[in-house]
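Summary of structural features
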Amino acid sequence: LLKLAGCTLFITGASRGIGKAIALKAAKDGANIVIAAKTAEPHPTLPGTIYTAAAEIEAAGGKALPCVVNVREEQQIINAVEKAVKTFGGIDILVNNASAISLTGTLETETKKVNLMMDVNVRGTYLTSKTCLPHLRKSRNPHILNLSPPMNMNPMWFKNHCAYTISKYGMSMCVLGMAEEFRGEVAVNALWPKTAIHTAAMDMLGGSGIEKQCRKTDILADAAYCILTKPKSFTGNFIIDEVLLREEGVKDFDVYAIAPGKTDL
């Protein structure tokens, strides 16, 4: 049973990393994927463009619509949503994955970085959701999934990177509010990894060797698939990938490890 066959997913930041992994998992079912990301020309240090991602999605069995979208620009979001609806007839699922990160203390975080994180993470998520919602409401089983953490008010989550945590919790607050506002119409949930996930962003943050402590993006793709195929009554949840997959009967988590056999994953 191909649960997402014919469904249209609008995924921000889908040219690489977690966004692309979720896209490829859905593409195997024959889903339509709108790749809403800003990399049209190859990036000097990061792999992948919206066009290389589109080729991978088509090869996996999906249909792809690459759209240049910087979520800081509302008009680019609106244009991409209109194009998606014109191409595929609607939008069933929105994945708010695009994110900016700077794990820096208050005095070390430049204002332009603060602006970037607030613009991409909070405002970008809010505006993309707002733009997609009228179309999502027409879908049979609509979902919004934000890649953001459960809101834990313990100061330890704030003290080392206050601006970043505020911005990610802003995404989580969108889940809190919109899940209630659109209850019965659109499911709105958050997904967050239990461990670090190996992506190009993680390489830049962690330096070489960091991947041994990481899991593959597949674990988030599998967890996202599980959420997005649930009925729209499943809403307002803050999900940790491993917890959900254990509930679904997954026992072997070594398959997700970059360095299998490490017991602490």
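Definitions and limits used
- Residues numbered from 1 in each chain as written.
- Predicted model: local features only at pLDDT ≥ 70, side-chain atom pairs only at ≥ 80, totals over all residues.
- Heavy atoms only, no water.
- Buried < 20%, exposed > 50% of the residue type's maximum accessible area, 1.4 Å probe, protein only.
- Helix = DSSP H or I, 4+ residues; strand = E, 2+ residues; numbered from the N terminus.
- Pairing = 2+ DSSP bridges.
- Core = buried A, V, L, I, M, F, W, Y, C linked by side-chain atoms within 4.5 Å.
- Patch = residues over 30% accessible without salt bridge, like charges linked within 9 Å, V, L, I, M, F, W, Y side chains within 5 Å.
- Areas by Shrake-Rupley, 256 points an atom, 1.4 Å probe, with all protein chains shown as cover.
- Salt bridge = Lys/Arg side-chain N within 4 Å of Asp/Glu carboxyl O.
- Polar contact = N/O pair within 3.5 Å; in protein donor to acceptor, adjacent residues only side chain to side chain.
- Contact = heavy atoms within 4.5 Å.
- Axes fitted to C-alpha atoms, helices over the stretch in contact; angles between N-to-C directions.
- Parallel < 35°, antiparallel > 145°, perpendicular 65-115°, else oblique.
- Left-handed = near helix turned anticlockwise from the far one by under 90°.
- Nonpolar A, V, L, I, M, F, W, Y, C, P; charged D, E, K, R; others polar.

The next thing to look at is the pairing of strand 6 (residues 187–192). Of all six residues in strand 6, five are buried; the element is thus mostly enclosed. By the bridge criterion, five bridges tie strand 5 (residues 143–147) to strand 6 in an arrangement that is parallel. What sits directly across from Leu145, in strand 6, is Asn189. Two elements, strand 6 and strand 7 (residues 238–240), share three bridges in a ladder whose sense is parallel. Looking at the pairing, Trp192 lines up with Ile240 of strand 7.

In terms of nonpolar packing, the biggest core is built from 39 residues, with Leu9, Ile11, Ile33, Ile35, Ile57 and Leu191 touching the most fellow members. If you list the elements that add at least two residues to this core, you get strand 1 (8–12), helix 1 (17–27), strand 2 (32–37), helix 2 (50–59), strand 4 (93–96), strand 5, helix 8 (218–228) and helix 9 (241–247). Considering each element in turn, this core owes the most residues, eight residues, to helix 8. Core analysis: the next-biggest nonpolar cluster, separate from the first, contains 33 residues, Ala36, Val71, Tyr164 and Cys174 among them.

Where nonpolar side chains cluster on the molecular surface, the patch consists of Ile101, Leu103 and Leu205 and spans about 230 Å² of accessible area. The topology assignment puts Ile101 in the loop between strand 4 and helix 4 (111–136). Given a relative accessible area of 32%, Ile101 falls into the partly exposed group.

The final tally for this structure, using the stated rule, is nine salt bridges. Lys25 is paired through a salt bridge with Asp222; the nearest N and O atoms lie 3.1 Å apart. Within this pair, whereas Lys25 is found in helix 1, its partner Asp222 is found in helix 8, the two being separated by 197 residues in sequence. Judged by its relative accessible area of 27%, Lys25 falls in the partly exposed class. Measuring nitrogen to oxygen at the nearest pair gives 2.9 Å for the salt bridge that ties Arg215 to Glu242. On the criterion of sequence distance, the pair formed by Arg215 in the loop between helix 7 (200–206) and helix 8 and Glu242 in helix 9 is long-range, its members being 27 residues apart. With a relative accessible area of 5%, Glu242 lands in the buried category. Members of the salt-bridge network, linked through shared partners, are Lys194, Arg215, Glu242 and Arg246.

All right, on to the side chain of Thr131 then. Among the secondary structure elements, Thr131 is positioned in helix 4. Relative accessible area serves as the criterion here: at 15%, Thr131 is assigned to the buried category. Among the polar contacts listed, one links the side chain of Thr131 to the backbone oxygen of Leu127, at a separation of 2.7 Å. Look past the residues within four positions of Thr131 in its chain and what remains in contact with it is Ile77, Ile78 and Val81.

At a minimum axis distance of 8 Å, the contact between helix 1 and helix 2 shows a crossing angle of 25°. On the basis of the axis angle, helix 1 is roughly parallel to helix 2. Once helix 1 is placed against helix 2, the crossing between them reads as right-handed. Residues Lys20, Ala23, Leu24 and Ala27 of helix 1 lie in contact with helix 2, whose contacting residues are Ala53, Glu56 and Ile57. In terms of residue class, the contact of helix 1 with helix 2 is built from five nonpolar, no polar and two charged.

Attention now goes to the sheet that holds strand 3 (residues 63–68). The strand order across the open sheet built from seven strands is 3-2-1-4-5-6-7, with neighbouring strands paired in parallel fashion. Among the strands making up the open sheet, the edge pair consists of strand 3 and strand 7. Here the strands of the sheet are splayed against their neighbours by 20° on average, with no regard to which way each runs. Against the sheet, helix 6 (residues 162–181) engages strand 4, strand 5, strand 6 and strand 7, with an angle of about 150° to strand 6.

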